[in-house]
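Working through the structure, step by step
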Amino acid sequence: IYTRSMTDPLWGSRATYRSERADATVLTVADRGGGFIILPGTYSSDVRDQGASQATFGRARVPLVGASGTGSAGVLFADRNYDDGSSNRVASADGVYKPSDEIRLRAQGMASQTKDALAGGNGKNGSNGYAMVTDGFYDNGSEHLYARYTAISPKFRADNSIIVQNGYSALEIESWQCRKVEGFFNQMCPGLNAKEQRAWDNTPLNRYVTPVLALKGNRNSFWNIQPRWLN
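What comes next concerns the included structure. The structure displayed is predicted, hence computed values, not measured ones.

**What to know about a nonpolar patch on the surface**
Together, M132, L145, Y149, L171 and I173 give the surface a local cluster of nonpolar side chains, amounting to about 410 Å² of exposed area. Mapped onto the nonpolar patch, the elements with two or more residues apiece are β10 (143-152) and β11 (168-177).

Take a look at the structure:
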């Protein structure tokens, strides 16, 4: 959700609920428009004029606490109805699980429905898309590992957010291990960053494997060395 996608609000209303068992909020805004709507693509994005619309958001989250860890489960709904009859809706479900302070797992699945007679390729009959993001994180203060997988279908669009690219999948990994040293540098963290991104038809878009050496030094300095001959 990107609230600045509401360009020129005329009026708005919000209701919020919070307790130990759940959080929920609903926001609706009459937007006079005047900005632009992002039309995402695989190799480039486009825009069209943003007309007057009614933007509505709904979010609910339930915290989960148990002997095996903590986390949360949530749902989200985002709706944009334009005065010209166009519309964009996104619904999603997400979850977070933390078995310990060092480990965190997250996942979110999204589906969109768009009707836009002014945007090429969407048409009056509408188009449906979906997206998913999942990641895992481990950090104990000296060892770090992070992995993220993203998949966004070619027809996915979210007018109440910032989605500038669709029609791709990507896997990203980063890892490093830090140790204390003596001298000008007081901490040395060698590691590795890698990414593989492909279009929906499996065409390679972006690929790199980058060794990384991060150094923390005197005078509050930070140094980062990345040879990029494998990009």
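**Remarks on unusual backbone geometry**
Of note in this structure, N202 is not a glycine but carries a positive phi near 75 degrees. Checked against the element boundaries, N202 lands in the loop between β13 (185-199) and β14 (204-217).

**Quick word on the nonpolar core**
Residues V90, M110, A131, V133, I152, F156, A158, I163, Y168 and A170 constitute the largest nonpolar core, which totals 10 residues. When contributions to this core are tallied by element, the ones reaching two or more residues are β9 (123-139) and β11. Aside from chain neighbours lying at most four places away, what touches F156 is P40, V90, M110, A111, S112, G129, Y130, A131, I163 and N166. Counting residues in each nonpolar core, the second largest holds 5 residues, with M6, V29, A55 and A78 among its members.

**Looking at the layout of surface pockets**
Empty space within the largest pocket amounts to approximately 560 Å³. Contributions of two or more residues to the lining of the largest pocket are made by β2 (23-31), β5 (53-66), β6 (69-82), β7 (87-100), β8 (103-116), β9 and β10. Looking at side-chain class alone, the lining of the largest pocket contains 15 nonpolar, 8 polar and 5 charged residues.

**Observations regarding the state of the cysteines**
Inspection of every chain in the model, using the stated rule, returns 1 disulfide. One disulfide in the model links C178 with C189; its S-S distance is 2.0 Å. Taking the torsion about the S-S bond as the criterion, the C178 to C189 disulfide, at about 110 degrees, is right-handed. Taken as a pair, C178 in the loop between β11 and β12 (179-180) and C189 in strand β13 lie far apart in primary sequence, 11 residues in all. Across the pair, exposure class does not vary: C178 and C189 are buried alike.

**Side note on the side chain of H144**
Note that H144 resides in strand β10. For H144, a relative accessible area of 7% gives the class buried. Side-chain polar atoms of H144 contact the side chain of D139, separated by 3.0 Å. In this structure H144 touches F137, Y138, D139, E174, S175 and W176, once residues within four positions along its chain are discounted.

**What about the packing of aromatic side chains?**
Counted under the stated rule, the structure contains 4 aromatic pairs. Consider the rings of F184 and F185, whose centres lie 5.1 Å apart with planes at 85 degrees: the pair is edge-to-face. Judged by its relative accessible area of 26%, F185 is partly exposed. Consider the rings of F184 and W223, whose centres lie 6.3 Å apart with planes at 75 degrees: the pair is edge-to-face. With F184 in the loop between β12 and β13 and W223 in strand β15 (residues 221-225), this residue pair connects regions lying 39 residues apart in the sequence. Residue W223 is classed as partly exposed on the basis of its relative accessible area of 42%. Among the aromatic residues, ring-to-ring pairing joins F184, F185 and W223 into one connected group. Positioned above the aromatic ring of Y82 is the side chain of R48, whose terminal nitrogen or guanidinium carbon lies 5.3 Å from the ring centre. In this structure, R104 packs its charged tip against the face of F137, placed 5.1 Å from the ring centre.

**Here's the deal with the pairing of β11**
The pairing of β10 with β11 spans 10 bridges and is classified as antiparallel. Bridged to Y146 within β11 is E174. Bridge count for β11 against β13 is 9 bridges, and the pairing is antiparallel. Bridged to S175 within β13 is L192.

**Some points on the pattern of salt bridges**
In total, this model carries 13 salt bridges according to the counting rule given. The shortest N-O distance in the salt bridge between D135 and R104 comes to 4.0 Å. Within this pair, whereas D135 is found in strand β9, its partner R104 is found in strand β8, the two being separated by 31 residues in sequence. Among the residues examined, D135 registers a relative accessible area of 7% and is labelled buried. Residue classification places R104 among the partly exposed positions, given a relative accessible area of 23%. Taken together, the salt bridges that share partners define one network made up of R48, D116, R157 and D159.

Rules used in this analysis
- Residues numbered from 1 in each chain as written.
- Predicted model: local features only at pLDDT ≥ 70, side-chain atom pairs only at ≥ 80, totals over all residues.
- Heavy atoms only, no water.
- Patch = residues over 30% accessible without salt bridge, like charges linked within 9 Å, V, L, I, M, F, W, Y side chains within 5 Å.
- Areas by Shrake-Rupley, 256 points an atom, 1.4 Å probe, with all protein chains shown as cover.
- Salt bridge = Lys/Arg side-chain N within 4 Å of Asp/Glu carboxyl O.
- Helix = DSSP H or I, 4+ residues; strand = E, 2+ residues; numbered from the N terminus.
- Core = buried A, V, L, I, M, F, W, Y, C linked by side-chain atoms within 4.5 Å.
- Buried < 20%, exposed > 50% of the residue type's maximum accessible area, 1.4 Å probe, protein only.
- Contact = heavy atoms within 4.5 Å.
- 1 Å grid on protein atoms, 1.4 Å probe; cavity = no way out; pocket = protein on both sides within 12 Å on 5 of 7 lines; lining within 4 Å.
- Points joined across faces, edges and corners; volume = space filled by probe spheres on them.
- Nonpolar A, V, L, I, M, F, W, Y, C, P; charged D, E, K, R; others polar.
- Disulfide = S-S within 2.5 Å.
- Polar contact = N/O pair within 3.5 Å; in protein donor to acceptor, adjacent residues only side chain to side chain.
- Phe/Tyr/Trp six-rings, centres within 6.5 Å; stacked < 30°, edge-to-face > 60°.
- Lys NZ or Arg CZ within 6 Å of the ring centre and 35° of its normal.
- Pairing = 2+ DSSP bridges.

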